[in-house]
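Structural characterization, general
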Amino acid sequence: MLLADSLRQHNSPVMDELFHECGVAAVYHFDSPDTSPQVPEGNAGQTSRLIPGMLLDMQNRGQLAAGFTTYNRDRLQLIDTHKEVGGVAEAFRMDHPEQYLELMKEYAGNAAIGHVRYATCGKNDRSYAQPFERHHIARSKWFSFAFNGQLTNYLELREEILQTTDFHLTRETDTEILNHLVSQELSEKPGISHLELLSSLSRRLDGAWNIVYLDANGEMFVSRDPRGIRPLCYAVDGPLFAAASESVALTHLGFPEESVKNVPPGHAVFVDRNGARVEKFAESPRKAHCFFEWIYFANAGSHFDDAGVYLSRKRLGEELARRETVPIDEDTIVVPVPDTAKAAADSMAYELKVPSLEGLIRNRYIGRTFIEGANRADKVRMKYTPLPEIMDGKRVLLVDDSIVRATTLKELLRLLRDRGKVKEVHVRIACPPIIAPCYYGIDMSTIAELFAPNHMDGKVITAAEEQKMADLIGADSLRYLPVEALADCVGLPQENMCQACVDTVYPTPAGEELYRKAVIIRENGAGNCERIFDAQ
């Protein structure tokens, strides 16, 4: 994640959508007389070919760049990295079979790690793509890794590196910070084990940090931070190991559902040619799973941390239905904002006994670059097509999963009235008001950019404030879910979730400190989040 860019500006170039921190994947075929049936051509040396498909299953987590590092002990380049700007299909040339197969042949190996990078900030530059590989003549110090998360103490670590060593930082990214910290540990502590490496890192890092790591000895680990903020799953079936940010990436490979497990917070899976073992590298003071994974980010087919994504979204819709007060008649319909709100909209409509109809069609084939220069109204018109044959004269309950900045929602509501010809439009949000920034991997880093806190006097929204917001965005009414409904809907205890963006309770010290400074900046009337850097 490019934390410095994240702290500067997050007006999403297409919509007011939230964008995620990235996704990671790993595969390893153990030395075995048997070959896993999941690997292509029944050849363990082709295990690396599983990574592109796994990354496609997690394309929802990042569309800006993709890449992988593979290990092959029979190759001069023991570990080798391919990464490119673009979606997974572009990066791996999957639309060109001959080029794809040539690439897979060049990078064939029995072990690999992979990464998809999200698409809202940072340079559109291959050098920012992951994995990051660090060459060294010593195999134990020649490594590659990919990172999913965000270091909230990035600035402190950056300053420490620049002041106390002769290191030079060429990018404003916490991934490079991790690269330097790992290199430093390996250089200063010859023979350090990967368990000791992670234990040392855990004492220095604050935030969300899942790592997949592969070195030139053919040793791998996949690790999850002590609070488990971001999901990480793994599976072992016969001689094949795999790990990913989404469980669906593992089940699609053919792993049985029962073999897919969560990496516990503060634990890592250490893998080599002989097998895999799970070990704890740090105490877990508390679990703090990001609730937004279930509401918005994760693939609807995924299941992790003992909670299914689709069922969570279904329960959100049921909760919305229980709280509905608008008169329901034959002209009432539910319309989801595509795509992630559909499960909630469908279950809400089922409970209310009204139709859930796709009154909005999303154009999934307009590229980000194509609409970059358009004004916001044009972007909305190109992104969504309203269907007047569905909505003309109807009372529409428009269901969305969140409101971040609301600027695009205003245009969308105008489009529904002008072209959709709705009679009424009532906005229903399957999430509480977002009132605070996220410092753990979601692209909302200032209070000023958020819609809700600019129209609320406290942390709990009132009916009057909801109506005021409805008037501002052009809706007949607006309703949010209350914070206290989240735990039951997601299916996890509240104390096991991070809800900082809706309740301002941050699970790490650096997160608390960044929010304290953000409040000071807001009270001083400074909207530029670069002031956070000054405060550091």
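Below is a short write-up of the structure.

Rules used in this analysis
Residue positions are given per chain, counted from 1 along the sequence in the order it is written. In view of the model being predicted, local features appear only for residues whose pLDDT reaches at least 70, and side-chain atom pairs are presented and counted only at 80 or more, with totals across whole chains, interfaces and linings using the full set of residues. Note that the side-chain values use all heavy atoms of the structure and ignore hydrogens as well as water. Each pair of strands is called paired provided DSSP finds at least two bridges between the two strands. We count a stretch as a helix when DSSP gives it H or I for four or more residues in a row; a strand needs E for two or more, and each element gets its number in order from the N terminus. Note on geometry: axes are lines fitted to C-alpha atoms, helical ones only across the stretch in contact, with angles between N-to-C directions running from 0 to 180 degrees. The contact definition used throughout considers only heavy atoms, calling two residues in contact when any of these lie within 4.5 Å. The pocket and cavity definitions rest on a 1 Å grid over protein atoms only: a 1.4 Å probe that fits but cannot leave marks a cavity, an open set with protein on both sides within 12 Å along at least five of seven lines marks a pocket, and residues lining either have an atom within 4 Å of a point. Grid points are joined across faces, edges and corners, and a volume is the space filled by probe spheres set on the points. Just so you know the grouping, Ala, Val, Leu, Ile, Met, Phe, Trp, Tyr, Cys and Pro go in nonpolar, Asp, Glu, Lys and Arg go in charged, and all remaining residues, Gly too, go in polar. In the analysis that follows, any N or O atom pair within 3.5 Å is treated as a polar contact, provided that within protein one partner can donate a hydrogen and the other can accept it, and provided that, for residues neighboring in sequence, both atoms belong to side chains. To sort the angles, those under 35 degrees are grouped as roughly parallel, those over 145 as roughly antiparallel, those from 65 to 115 as roughly perpendicular, and the leftovers as oblique. Throughout, a crossing is termed right-handed when the near helix is turned clockwise from the far one, and left-handed when it is turned anticlockwise from it by less than a right angle. Whether two aromatic rings pair depends on their centres lying within 6.5 Å, for rings of Phe, Tyr and Trp, where Trp uses its six-membered ring; planes under 30 degrees apart make the pair stacked, over 60 edge-to-face, and the rest tilted. Burial here depends on accessible area, computed with a 1.4 Å probe over protein chains only, as a share of the maximum for the residue type. Under 20% is buried, over 50% is exposed, and the range in between is partly exposed.

Strand order in the open sheet formed by four strands is E17-E20-E21-E22, and the pairing between neighbours is parallel. Strands with a single pairing partner mark the edges of an open sheet, and in this sheet they are strand E17 (332-336) and strand E22 (477-480). Direction aside, neighbouring strands of the sheet carry axes that sit 20° apart on average. Bridge count between E17 and strand E20 (residues 395-400): five bridges; the pairing is parallel. Paired with Ile333 across the bridge in E20 is Val396. This element, helix H14 (residues 407-418), spans E20 and strand E21 (424-429) of the sheet and lies at about 145° to E21.

On to empty space enclosed by the protein, then. Going through the model one piece at a time under the given rule, you end up with three cavities of 30 Å³ or more. In this structure, the largest cavity encloses a volume near 70 Å³. In this structure, the largest cavity is lined by Ile229, Arg230, Cys290, Phe291, Pro437, Cys438, Tyr440, Ile442, Cys498, Ala500 and Cys501. Among the residues forming the lining of the largest cavity, the class breakdown is ten nonpolar, no polar and one charged.

For the rest of this paragraph, the subject is the layout of surface pockets. Of the voids in this model, the second largest pocket is the one considered here, and its volume is about 290 Å³. Around the second largest pocket, the lining comprises 19 residues; the ones closest to its centre are Ile461, Tyr480, Leu481, Pro482 and Val483. Put simply, the parts of the chain that give the lining of the second largest pocket at least two residues each are E22 and helix H17 (500-503). Residues belonging to the lining of the second largest pocket are distributed by class as follows: eleven nonpolar, no polar and eight charged.

Another aspect to go through is the environment of Arg134. Position of Arg134 among the secondary structure elements: in strand E5 (residues 132-134). Those residues in contact with Arg134 that lie beyond four places of it in its chain are Lys141, Trp142, Phe143, Asn179, Ser183 and Ser187. Within polar-contact distance, the side chain of Arg134 engages the side chain of Ser183 at 3.3 Å.

Before going further, it helps to spend a moment on the packing of helix H6 (residues 174-188) against helix H7 (residues 194-202). Viewed as axis vectors pointing N to C, H6 and H7 meet at an angle of 125°, and their least axial separation amounts to 11 Å. If you check the angle between H6 and H7, you find them oblique. Considering how the two elements wind past one another, H6 and H7 form a crossing that is right-handed. For the pair H6 and H7, the contacting residues are Leu181, Val182 and Glu185 in the first and Leu197, Ser200 and Leu201 in the second.

What the six strands build is an open sheet, ordered E5-E6-E7-E8-E12-E13; its pairing is antiparallel. Both edges of this open sheet fall to E5 and strand E13 (275-280), since each of them pairs with a single strand only. For this sheet, the mean inter-axis angle between neighbouring strands, taken without regard to orientation, is 20°. Across three bridges, E5 lies against strand E6 (residues 143-151) in antiparallel orientation. Paired with Phe132 across the two strands is Phe145, which belongs to E6. Strands in contact with H7 are strand E7 (207-215), strand E8 (220-223), strand E12 (267-272) and E13; relative to E7, the strand with the most contacts, it is inclined by about 155°.

With that settled, the discussion passes to the packing of aromatic side chains. One pass over the structure, following the stated rule, counts 18 aromatic pairs. Taking the centre distance of 5.7 Å and the plane angle of 45° together, the rings of Phe292 and Phe297 count as tilted. In this structure, Phe292 and Phe297 share a single accessibility class: buried. Site record: aromatic cluster; members linked through ring pairs are Phe132, Phe143, Phe145, Tyr213, Phe221 and Phe270.

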